[in-house]
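Summary of structural features
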Amino acid sequence: MGKFLEHAALEQSDIHVFQELAEISSRSNGKLLLVGILHQAFDEYAQRLSRESRDEWLKIQGRYLDLPVNLAADEQIDLIARAVETSREPEMDDDMRFVAAVMRGGRESDSERLAMKLAACWPLHPLTASLLGPISRRRFGQSQRSIFGFLTSAEPYGFQEFLAATETEAGRFKPAQLWDYLRANLESAILASPDGHRWSTAVDAIERCEVRGGSRDHLAAIKTIALLDLFKDRSGLQPTSDVIKLGIGAKSDKHWKQIADDLLKWSVVVFRKHSGAFAIYAGSDFDIESALDDARSRGIGTDFKRLEEQPALRPVLAKRHYEEKGALRWFEVGIAPLEEAEERVRTYEPAPGSAGLFLILVSTNEENKAAAKRIARAAAEEAGDRLVVVGWTRDSYRLRELTADLAALEHVRGHRAELEGDAVARREIDARIARLTADLDDQLRDAINRVDWHGPANDQIENLDTSSPPGLSLLASKLADWRFPYTPRLHNELINRTRPSSNAIAATRQLLHAMVESRGKERLGFEGFPPEAGLFFSLLVSTKLYSADETGVQSFSPPSADDAHCLHPMWEAADAALQGSETGISFAELYNLWRAPPFGVRDGLLPVLALSYVLTRVARTSLYLDGVFRPQLDTFFVDRLLQDAGAVRARDVEITTQHVAVVSDLAMRLGRDETIAPTALEVARILVGRVRSLPGWTQRSGMPSSNAIALRQLGLKSHDPNKLLFEDLPSKFGTDLAAVPSATAEALAELEAAYPEMLRDLAQTLFKELRYDPIKDQEYSLLHQRCETVRGLSGNFRLDALATRLGVFAGELADIEGVASLAANKPARDWVDRDIDAAKIELAALAQQFLRAEGFAHLKGRGDRQTSLAVYISDPSYPAPASPFVELSGQERDRASALAEQIQELIDKSAVSPAIAIGAIAQLGLSLAGDLEEAEEQPKVAAA
């Protein structure tokens, strides 16, 4: 009969059939007797129903006669005696006779037989055996089941543990040990029962006794008093002095008197003279029931937000979907009243990583089953493109009742000031909250399994058994398959998830770096099996995104149409998005495309798949970083991609047949030591890369030609390969496309040569002022010697700095750049045209100071490196006398001496007088003095 009532309660169906049976029996004149066997009272089965329904059940119960079947105390003791098997013959002693006499009220005829049964319960103490029956019949017990559970289970402090630890035959399982067993295993159930307050009072008394320093005997005494006091109504045992002495095994009356005096003095027990028995001191007078009634009167009721915090409403995992696709998806589980169903669905926003929502609806206004299902269907239609499945639970009343009770208890616990000083009441309330929370969790688990679901994919829901957690997980998998049919099949638990770990993110970064730096290498250059190598094999090798072609060259290639990993639809969607946008799409937009149905790619996979897509489309995709065209893929690009996917943009590049010749010609002209692929993207990448790698001065100078400056500006600002090659360059170099490659190559060559030529011009200026010709000397050793002479001679720091740089000068462009930086007083990266002009003037001035310092080298004993000459010449045929002044370095002086010897030889051959020779020399001096600067040969800079 109980199963029928359980089913009726679950389905909230009518039990009028029992009314009919009772009516038939009552009219049969005793010929029909209906007997129904129940494990609990009739009305207990209606606990989950509304108050009105329970009243209807009570009317039907009134047609039947209740015959409770309860075992008497001595029957339960006999049951225990039969259950405990021992080879020891029962020995009845005075303790057993005393306990039996107390239980029988002094009737000797009955007590003798009861004492014999207590003896057969050995090694249970007589008091323990007498208390087990009454304890098992309390609300927290389960009658005989509790007794046998105590006797046979291996629970802490239980009977089996006692038998395993006790060796002596004299040992018996005493009431104090029974208290320890109850507290360790059943305390939460006791505290949630009507005995909870008294139990909490006893626990508080024991703790206060421990604080007072009570001995083991003190604690045994108070535990025995607590048990006897709690269950005295059914056991017939009062916590009198004689009973307590027997329970703790007191050595003497004096010993017991000392223990009792201490307990009374510590105010943990009281002695009631009218009954001659001890009792636990009632340390709390807080009326919990009254406080709960007050909380309910304040409107504290069902809190659905509190319901959603229950562990039973944990997310539902789509396990089969995970096994097949490798993507871990989960559905949130929410709960709401029926009247708020549509609003809850309308305002639902999925949590990060959530695939959807299972929303459980609870009746709050006694809606019937048909009305509830109608509301659930209407709410499901409000979901739109969000995956929300709505269902109504048949356990509405019980859920509301438990939640309301829990809310009232939590309100009392948080708002009643008198609880601050009442540990007993706090313990009792906390225990009730814990028990109610557990009951509510169990009720929610049952409610979830009895829900009729409605959603956007009803064909996936119909005919599917969801009456168990595996069934709900199967439904979640079916819904995930329906919503994300093109999810890639990638089994990698490290990054195929919404929030990868820090180690997984680090491995992803290393993999992406290798993808852009080590393309074409075997295994992307990975050695061994670090985490990034594992990602490489599971994501790139297994999917054949990175593989060798027919010639054995390793490269990235797009997935095929029959790809078993379901990557081809993602590539097609990305192609369509790129080709459908003139400005391209950012990687953040690509991520959103792949995150959404029908793909549902997890965040951890997105960087790897996005970069793989770009590398398989490298010939037709241009990349932009922060709005600027990026000619090459490098680690900086990868790091920015990981930091901000929105900063990276891709654009589709197409080249027509009329531009093929231009691109091929440019590829040939721009190629140096390597062959450039004749694609618009690759040619533009090389061209822009070479322009942007020019020195800073070249990128700012106005000295190059107009064509070179135009190419420079286009390369620095180019955002689109197609536009650069087929629109911008022809607009600068003429509309004839055929002339663009040669003009571009010439302008680029001019730009790349501008900086070295400028440096050589500065060096030429310096050597001219120093009167030094490196081409004739073929070495710089003489210059180094001159610098040694001048360094530290004049106290001029800038002159010393020049001498230091020239002291190691080897003719390289870097040497010239160092000298020029000294003259310009700026690093080379910051040079502009006016800095070059200033450097020329400064180099000339420093050279003059250098020559002047050489003339005074003898003052410090460094030898004459410079000779100063002044000549006065006058001739009547010239308008004015001349007095040229020259300074000669040691090298120039040697040359002058050699020339003087040649002139002397000529004079000797001419056989003229000294006067004539001097006159000739004077006339020659006047001529040379007039154009001294113009007659001097221009020195050259040695090639680097």
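Remember, predicted model here, so these are calculated numbers, not experimental data.

So, about the nonpolar core. Residues Leu-124, Phe-150, Leu-178, Trp-179 and Leu-263 are the most contacted members of the largest nonpolar core, which totals 63 residues. Top contributing element to this core by residue count: helix H12 (residues 216-230), with nine residues. Once you skip the residues sitting within four places of it in the chain, Leu-263 turns out to touch Cys-209, His-218, Ala-221, Ile-222, Ile-225, Val-268 and Val-269.

The end-to-end C-alpha distance of helix H11 (residues 196-211), which contains 16 residues, comes to 23 Å, matching closely the 22 Å that a straight helix rising 1.5 Å per residue would cover. When we look at burial in H11, the residues that qualify are Gly-196, Trp-199, Ser-200, Thr-201, Ala-202, Val-203, Asp-204, Ala-205, Ile-206 and Cys-209. Buried residues along H11 sit against helix H10 (175-191), H12, helix H15 (253-265), strand E2 (277-280) and helix H22 (423-448).

Scored by pLDDT, the protein chain has a mean of 81; 87% of the residues are at 70 or more. Within the model, the stretch residues 935-944 combines pLDDT values under 50 with 22 contacts to residues more than four positions away or in other chains.

Judged by pairing direction, the sheet is mixed, and its five strands sit side by side in the order E3-E4-E5-E6-E7 without closing on themselves. Sheet topology places strand E3 (316-317) and strand E7 (451-454) at the edges, where each strand pairs with a single neighbour. Note that strand E4 (residues 330-337) and strand E5 (residues 354-362) share eight bridges and pair parallel. Along E5, the bridge assignment pairs Phe-331 with Gly-356. Across the sheet, helix H20 (residues 369-381) touches E5, strand E6 (388-393) and E7, and the angle it forms with E7 is around 35°. In this fold helix H21 (residues 396-415) packs onto E4, E5 and E6, with an angle of close to 95° to the strand it touches most, E5.

All right, on to the pairing of E5 then. Burial analysis of E5 places nine of its nine residues in the buried class, which makes it a mostly covered element. Note that the unit made of E4, helix H19 (residues 341-346) and E5 has a crossover that is right-handed. In this structure, E5 lies alongside E6, joined through five bridges in parallel fashion. Paired with Ile-360 across the strands is Gly-391, a residue of E6.

All right, on to the sheet that holds strand E12 (residues 628-629) then. Strand order in the open sheet formed by four strands is E10-E13-E11-E12, and the pairing between neighbours is antiparallel. Both outer strands of the open sheet, strand E10 (585-586) and E12, are each paired with one neighbouring strand and no more. Sheet topology places E10 next to strand E13 (residues 648-652); two bridges connect them, and they run antiparallel. When the bridges of E13 are listed, Ile-585 appears paired with Ala-650.

With an omega of 15°, the peptide bond running from Trp-122 to Pro-123 counts as cis. Looking at the secondary structure, you find Pro-123 in the loop between helix H6 (108-119) and helix H7 (126-136). Even without a glycine there, the phi angle at Arg-523 is positive, about 55°. Checked against the element boundaries, Arg-523 lands in the loop between helix H25 (502-517) and helix H26 (531-541).

Relative to E2, strand E1 (residues 269-272) is paired through four bridges, and the arrangement is antiparallel. Each bridged residue has a counterpart across the sheet, and for Val-270 the counterpart in E2 is Ala-279. Two successive antiparallel strands, E1 and E2, enclose a turn made up of four residues, where Gly-276 displays a positive phi of approximately 65°.

Attention shifts here to the packing of helix H38 (residues 781-790) against helix H39 (residues 797-806). Relative to each other, H38 and H39 sit at 150°, their axes nearing to 8 Å. When the interaxial angle is binned, H38 and H39 end up roughly antiparallel. Where H38 crosses over H39, the two elements pack in a sense that is left-handed. Of the residues in H39, those touching H38 at Leu-783, His-784, Cys-787 and Val-790 are Leu-799, Asp-800, Ala-803 and Leu-806. Residue composition of the contact of H38 with H39, grouped by class: six nonpolar, one polar and one charged.

Quick look at the packing of H39 against helix H40 (residues 813-824) now. Direction vectors running N to C along H39 and H40 enclose 170°, while the axes themselves pass 10 Å from each other. The angle between H39 and H40 places the two elements in the roughly antiparallel class. Contact residues: H39 offers Arg-798, Ala-801, Leu-802, Arg-805 and Leu-806, while H40 offers Gly-818, Val-819, Leu-822 and Ala-823. Across the contact of H39 with H40, the residue classes break down as six nonpolar, one polar and two charged.

A few words now on a nonpolar patch on the surface. Residues Val-17, Leu-21, Ile-24, Leu-32 and Leu-34 make up a contiguous nonpolar surface patch of roughly 410 Å² in combined accessible area. Structurally, the position occupied by Val-17 is in helix H2 (residues 16-26).

Here we take up the side chain of Ser-538. Following the sequence through the fold, Ser-538 ends up in helix H26. A polar side-chain atom of Ser-538 sits 2.7 Å from a polar atom in the side chain of Asn-492. Sequence-distant contacts of Ser-538, that is, excluding residues within four places in its chain, are made with His-491 and Asn-492.

What counts as what
- Residues numbered from 1 in each chain as written.
- Predicted model: local features only at pLDDT ≥ 70, side-chain atom pairs only at ≥ 80, totals over all residues.
- Heavy atoms only, no water.
- Core = buried A, V, L, I, M, F, W, Y, C linked by side-chain atoms within 4.5 Å.
- Buried < 20%, exposed > 50% of the residue type's maximum accessible area, 1.4 Å probe, protein only.
- Helix = DSSP H or I, 4+ residues; strand = E, 2+ residues; numbered from the N terminus.
- Contact = heavy atoms within 4.5 Å.
- Expected span 1.5 Å × (residues − 1).
- pLDDT = per-residue confidence, 0-100.
- Pairing = 2+ DSSP bridges.
- Axes fitted to C-alpha atoms, helices over the stretch in contact; angles between N-to-C directions.
- Right-handed = clockwise from strand over helix to strand, strands pointing away.
- Parallel < 35°, antiparallel > 145°, perpendicular 65-115°, else oblique.
- Left-handed = near helix turned anticlockwise from the far one by under 90°.
- Nonpolar A, V, L, I, M, F, W, Y, C, P; charged D, E, K, R; others polar.
- Patch = residues over 30% accessible without salt bridge, like charges linked within 9 Å, V, L, I, M, F, W, Y side chains within 5 Å.
- Areas by Shrake-Rupley, 256 points an atom, 1.4 Å probe, with all protein chains shown as cover.
- Salt bridge = Lys/Arg side-chain N within 4 Å of Asp/Glu carboxyl O.
- Polar contact = N/O pair within 3.5 Å; in protein donor to acceptor, adjacent residues only side chain to side chain.

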